[in-house]
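Each chain, written out:
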Amino acid sequence: MDMKKVYEKKYMRCFLIVGIFLAAAAAVCIYVVNRNRYDFDKSFFQIIDQYDTRSYTAEELREIYARDHFLEDLVNFNEELNRQQEGFQFVEIDIQPIELIGHWDKPASLVNGYGHKDLRNQKVQYEGKEIEITPVDCFQVGKQSQFSLFGKEIFQEDAFVQQGDVVLLMLGSGFQGYYKTGDTIRFIYLNKTWTGKVAGFLENETKIAMDDFFVYELDHAMVMPFFSRLDINTETETDTDAGAYFDRDFQIDYFFRKNAGYLKMQNKEAYKEGRRLIEKLAEKYRLDYTLLRGY
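This structure is a prediction, so every number in the text was calculated from the model and none was measured. (Residues numbered from 1 in each chain as written. Predicted model: local features only at pLDDT ≥ 70, side-chain atom pairs only at ≥ 80, totals over all residues. Heavy atoms only, no water.)

## As for the packing of aromatic side chains
Stage number 1. Tallied over the full model, the rule gives 18 aromatic pairs.
Stage number 2. Between Tyr51 and Phe70, the aromatic rings sit 5.8 Å apart at their centres with planes inclined by 85°, giving edge-to-face as the arrangement. Within this pair, whereas Tyr51 is found in the loop between strand E1 (44-49) and helix H2 (58-66), its partner Phe70 is found in helix H3 (residues 70-82), the two being separated by 19 residues in sequence. The residues Tyr51 and Phe70 share a single accessibility class, namely buried. (Phe/Tyr/Trp six-rings, centres within 6.5 Å; stacked < 30°, edge-to-face > 60°. Helix = DSSP H or I, 4+ residues; strand = E, 2+ residues; numbered from the N terminus. Buried < 20%, exposed > 50% of the residue type's maximum accessible area, 1.4 Å probe, protein only.)

Rendered as structure tokens:
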């Protein structure tokens with residue numbers, strides 16, 4: 001037998017074995033990396049409504065929103081969510097920019113520009129006149145959720161009771177030097193004009209950590225409370241009373257945002273139980289809500 005061929009075969013066999021070993025080792029490394037990336041203690045699961053065109057036609061949605069007691073059902077659903085339920089805690093939080101009214105002469109770094117745009121002092125038509133608006137990130141939090149999110153009370157109880165169009169604001173540390181406690185800020189939120197009153201400032205580098213993937217830095221953001229109830233008059237005298245219908249639509253949108261908070265549980269293994277609880281509670285009020293699985 002040709003010894004050269006024998007050695008070549010042994011060499012190739014060893015080469016293949018080493019190659020298989022390295023490939024297996026690489027696969028293990030990839031698995032470990034992915035496991036470390038995705039296998040963490042997720043405890044915040046978002047509650048979502050399913051009122052969209054994937055689940056309903058446009059006509060069905062109009063009928064649902066016009067249904068008697070639909071707004072009341074949303075409010076009652078929210079109030080029951082905020083009652084302490086066995087095995088989970090509702091965390092009421094919504095994240096979206098508010099549009100500050102008037103000329104902005106402060107740094108662009110404080111503005112929500114989607115990371116690359118300068119959106120200061122945009123000129124828009126609002127209530128029949130041209131104004132300048134500047135978007136700033138804002139977090140709305142419920143009375144109980146502030147303890148889960150910040151570990152302490154940042155707003156006192158009366159901040160969650162609506163007093164006309166005035167709402168208290170806690171500003172991130174980046175706004176210090178540009179505002180002071182007691183200053184007022186006019187802004188647009190959900191197509192209504194509000195007067196924000198600066199109640200104070202957050203500590204430097206304040207963060208909200210929902211989990212390993214969603215950590216929000218608040219130095220360049222504002223925080224305002226969710227009102228427990230709204231005092232806007234919704235009674236209508238005629239079908240053409242557009243203003244009153246707008247107020248009802250506003251309240252529906254407001255409570256959609258209040259209800260789209262998070263269910264906090266001990267760990268992600270409790271997801272199925274949490275989903276059953278949310279869907280059972282929604283069914284009680286003839287609503288269509290579920291719990292988002294996420295990752």
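Picking up where we left off.
## As for the nonpolar core
Stage number 1. In this structure, Leu100, Phe187, Tyr189, Met222, Tyr254, Leu287 and Tyr289 are the most contacted members of the largest nonpolar core, which totals 53 residues.
Stage number 2. For this core, the leading source of residues is H3, giving 6 residues.
Stage number 3. Leaving out residues up to four positions away in the same chain, Tyr289 has contacts with Ile47, Ile48, Asp49, Leu74, Phe77, Phe256, Asn259, Ile278, Glu279 and Ala282.
Stage number 4. The next biggest cluster of nonpolar side chains, apart from the first, holds 19 residues, and it includes Val141, Ile154, Ile208 and Ala221. (Core = buried A, V, L, I, M, F, W, Y, C linked by side-chain atoms within 4.5 Å. Contact = heavy atoms within 4.5 Å.)

## As for the sheet that holds strand E13 (residues 289-291)
Stage number 1. If you trace the 4 strands from one edge of the open sheet to the other, you get E2-E12-E1-E13, paired in antiparallel fashion. Among the strands making up the open sheet, the edge pair consists of strand E2 (89-91) and E13. In this sheet, adjacent strand axes meet at a mean angle of 30° when their direction is disregarded.
Stage number 2. Across 3 bridges, E1 lies against E13 in antiparallel orientation. Bridge assignment links Ile47 to a residue of E13, and that residue is Leu291. (Pairing = 2+ DSSP bridges. Axes fitted to C-alpha atoms, helices over the stretch in contact; angles between N-to-C directions.)

## Here we look at the pairing of strand E8 (residues 192-201)
Stage number 1. Burial analysis of E8 places 7 of its 10 residues in the buried class, the great majority of the element.
Stage number 2. In this structure, strand E6 (residues 166-171) lies alongside E8, joined through 6 bridges in parallel fashion. By the bridge assignment, Met170 is partnered in E8 with Gly200.
Stage number 3. Pairing geometry for strand E7 (residues 184-189) and E8, over 6 bridges, is antiparallel. By the bridge assignment, Tyr189 is partnered in E8 with Lys192.
Stage number 4. Linking E7 to E8, which pair antiparallel, is a turn of 2 residues; within it Leu190 sits at a positive phi near 50°.

## A look at unusual backbone geometry
Stage number 1. Phi at His69 takes a positive value of approximately 70°, unusual for a residue other than glycine.
Stage number 2. Taking the relative accessible area as the measure of exposure, His69 reaches 51% and is therefore exposed.
Stage number 3. Unlike most non-glycine residues, Glu205 shows phi in positive territory, near 65°.
Stage number 4. Relative to the helices and strands, Glu205 is located in the loop between E8 and strand E9 (207-209).

## What about the side chain of Asp219?
Stage number 1. Here Asp219 lies in the loop between strand E10 (215-217) and strand E11 (222-225).
Stage number 2. The charged side chain of Asp219 is buried without a salt bridge, its nearest counter-charge being Lys207 at 8.2 Å.
Stage number 3. Only 3.1 Å separates the side chain of Asp219 from the side chain of Ser173, close enough to count as a polar contact.
Stage number 4. Aside from chain neighbours lying at most four places away, what touches Asp219 is Gly172, Ser173, Gly174, Phe175, Glu203, Asn204, Glu205 and Thr206. (Lys, Arg positive; Asp, Glu negative; His and termini not counted. Salt bridge = Lys/Arg side-chain N within 4 Å of Asp/Glu carboxyl O. Polar contact = N/O pair within 3.5 Å; in protein donor to acceptor, adjacent residues only side chain to side chain.)

## Comments concerning H3
Stage number 1. The end-to-end C-alpha distance of H3 is 19 Å, a good match for the 18 Å that 13 residues give at a rise of 1.5 Å each.
Stage number 2. Extensive coverage of H3 is indicated by the burial of 10 of its 13 residues.
Stage number 3. All of the buried residues along H3 are Phe70, Leu71, Asp73, Leu74, Val75, Phe77, Asn78, Glu80, Leu81 and Asn82. (Expected span 1.5 Å × (residues − 1).)

## What about the pairing of strand E4 (residues 122-126)?
Stage number 1. Across 5 bridges, the pairing between E4 and strand E5 (residues 129-141) is antiparallel. Residue pairing across strands places Val124 opposite Ile131, the latter belonging to E5.
Stage number 2. The turn linking E4 back onto E5 is made up of 2 residues, and Glu127 within it adopts a positive phi angle of 50°.

## Side note on the pattern of salt bridges
Stage number 1. The tally for this structure, following the rule as stated, stands at 19 salt bridges.
Stage number 2. In this structure, Asp73 and Arg67 form a salt bridge, with 3.5 Å as the shortest nitrogen-oxygen distance.
Stage number 3. The buried category is assigned to Asp73, whose relative accessible area is 10%.
Stage number 4. For Arg67, a relative accessible area of 21% corresponds to the partly exposed category.
Stage number 5. Sharing partners across several salt bridges, the network here consists of Arg67, Asp73 and Arg286.

Purely geometric stuff here, so don't read any function into it on its own.
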